[in-house]
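# Per-entry structural report
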Amino acid sequence: MPDSHSTFLDLLHAQRVWDIDLPSFDPATAPGDPVTLFHTWFTEAVAAGQPEPHTMSLATVDEEDRPDVRTLMLHDVDERGWHFASHATSAKGHQLAARPQAALGFYWPAQGRQVRVRGPVTAASPAESLADLHARSTGALASALVGRQSEVLETRDALVRASESAWERASSTPDAEVRSWTRYVVEPQEAEFFQGDARRQHVRLRYRLDGHLGGGSWVRELLWP
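Notes on the structure in this doc start here. The residue count restarts for each chain, going from 1 along the sequence in the order it is written. Where totals are concerned, whole chains, interfaces and linings use all residues; where local detail is concerned, this predicted model gives features only for residues with pLDDT of at least 70, and gives and counts side-chain atom pairs only at 80 or more. Side-chain descriptors were evaluated using all non-hydrogen atoms of the structure, hydrogens and water having been removed beforehand.

## Side note on helix α2 (residues 34-47)
Put simply, the rule reads: Going along the chain from the N terminus, every DSSP run of H or I of four or more residues is numbered as a helix, and every run of E of two or more is numbered as a strand. How far a helix is expected to stretch is found by multiplying one less than its residue total by 1.5 Å. Each residue gets one of three labels from its accessible area relative to the maximum for its type: buried under 20%, exposed over 50%, partly exposed in between, using a 1.4 Å probe on protein chains only. What the arc covers is the set of directions going from the helix axis to the C-beta atoms. Counted as a polar contact is a pair of N or O atoms within 3.5 Å, where, for protein atoms, one must be capable of donating a hydrogen and the other of accepting one, and residues adjacent in sequence contribute only when both atoms are in side chains.
If you check α2, its first and last C-alpha atoms are 20 Å apart, about what 14 residues at 1.5 Å a residue would give, namely 20 Å. Of the positions making up α2, those classed as buried are P34, V35, L37, F38, W41 and A45. Axial view of α2: buried residues confined to an arc of 155 degrees, hence all on one face. Exposed and facing more than 90 degrees away from the buried side of α2 are T43 and A47. At the N-terminal end of α2, a side-chain oxygen is found 3.2 Å from the backbone nitrogen of V35, two or three residues along, and the residue is D33. G49 occupies a position one or two residues after α2 and carries a positive phi of about 85 degrees.

Right, dumping it as structure tokens:
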């Protein structure tokens, strides 16, 4: 009988990528800034039926210079950059406080597309962070009220009790404050748009900021796949 690793490899190698008709992408027609193109690609991902297109990977660096990554939700993309939120007391919050740089990754297999963004991270004002929290669902507020993100959990029962209490408070006090909740903005210095191709002639368009966001200009470059 095959061992478990052989079975895993057989399963892994049987998987296929992009057994669909992929859209074309002519980088010559791309807009002059990455935000405009992101808005277009996001809209197209939603139209293509991509599940959870607003989820992304966030990469940071810890106090020992080790990379760290997790998946979370996008909250906005505007002229300031890419927005997300978390507790300032979480692992990612501590990492961003010490080293305010991050990278983001989006993968939309329904169209064979990826978007990568990296740059410095700034924390929004307490008022904007609070507005961000209250714009979300009751469940999101309850989760934020539980707090203690990334701390060691003693028992599952402790989480259940804290969660039930938080749900009651979120339902009765929808304007409750969570001081540690913070909205962050990744100010893009680079943004890459990847369009997959069945013949592996992938299109990679990179926007590179020359100067400072709001006062600089975007350089567009094609990259070898």
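## Focus: the nonpolar core
To be explicit about the condition: Each nonpolar core is a collection of buried residues, namely Ala, Val, Leu, Ile, Met, Phe, Trp, Tyr and Cys, held together in the definition by side-chain atoms within 4.5 Å. What makes two residues a contact is simply this: any of their non-hydrogen atoms within 4.5 Å.
F38, W82 and F106 are the most contacted members of the largest nonpolar core, which totals 29 residues. Examining the composition of this core, we find that 5 residues originate from one element, α2, more than from any other. Sequence-distant contacts of F106, defined by excluding residues within four places in its chain, comprise F38, P53, T55, M56, L74, W82, R113, Q114 and V115. Formed by 11 residues, the second largest nonpolar core is a distinct cluster that contains L133, A142, A170 and V178.

## As for the packing of aromatic side chains
In plain terms, the rule: The aromatic pairing rule takes the rings of Phe, Tyr and Trp, using the six-membered ring of Trp, and pairs them if the centres are within 6.5 Å, calling planes under 30 degrees apart stacked, those over 60 edge-to-face and the rest tilted.
Per the stated rule, a full pass over the model turns up 12 aromatic pairs. Considering the side-chain rings of W18 and F194, the 6.3 Å spacing of their centres and the 40 degrees angle between planes classify their relative orientation as tilted. Linking W18 in the loop between α1 (4-14) and α2 with F194 in strand β8 (residues 190-195), this pair joins segments that are 176 residues apart in sequence. This pair shows no difference in class: W18 is buried, exactly as F194 is. Relative to W108, the ring of F38 lies with its centre 5.7 Å away and its plane at 50 degrees, an arrangement referred to as tilted.

## With respect to the layout of surface pockets
Condition: Only protein atoms enter the 1 Å grid used here. Points where a 1.4 Å probe fits but cannot escape make up a cavity, open sets with protein on both sides within 12 Å along at least five of seven lines make up a pocket, and a residue lines them when an atom lies within 4 Å of a point. Grid points are joined across faces, edges and corners, and a volume is the space filled by probe spheres set on the points. Residues are sorted three ways: Asp, Glu, Lys and Arg are charged, Ala, Val, Leu, Ile, Met, Phe, Trp, Tyr, Cys and Pro are nonpolar, and all the rest, Gly among them, are polar.
Considered as a void within the structure, the largest pocket measures approximately 550 Å³ in volume. H87, S143, V146, G147 and Q149 are the residues nearest the centre of the largest pocket, which is lined by 24 residues in total. Of all the secondary-structure elements, those providing two or more residues to the lining of the largest pocket are β2 (67-73), β4 (81-87), α5 (138-146) and α6 (156-172). Sort the elements by how many residues they give to the lining of the largest pocket and α5 lands first, with 4 residues. Its residues placed into classes, the lining of the largest pocket shows 12 nonpolar, 7 polar and 5 charged. As for the second largest pocket, its lining consists of A103, L104, R116, V117, R118, E190, A191, E192, R204, R206 and L223. Every element with two or more residues in the lining of the second largest pocket is listed here: β5 (101-108), β6 (113-123), β8 and β9 (203-210). Its residues assigned to classes, the lining of the second largest pocket comprises 5 nonpolar, no polar and 6 charged.

## Focus: the pairing of strand β1 (residues 55-61)
Where we set the bar: When DSSP finds two or more bridges between a pair of strands, those strands are recorded as paired.
Burial along β1 is one-sided: M56, L58 and T60 are buried, and none of T55, S57, A59 and V61, which face the opposite way, are. Here β1 pairs with β2 via 7 bridges, running antiparallel. Of the residues in β2, the one forming a bridge with V61 is P67. The antiparallel hairpin formed by β1 and β2 contains 5 residues in its connecting segment, where D65 sits at a positive phi of about 65 degrees. Strand direction decides the pairing type here: β1 and β5, joined by 3 bridges, are antiparallel. When the sheet's bridge partners are listed, L58 is paired in β5 with L104.

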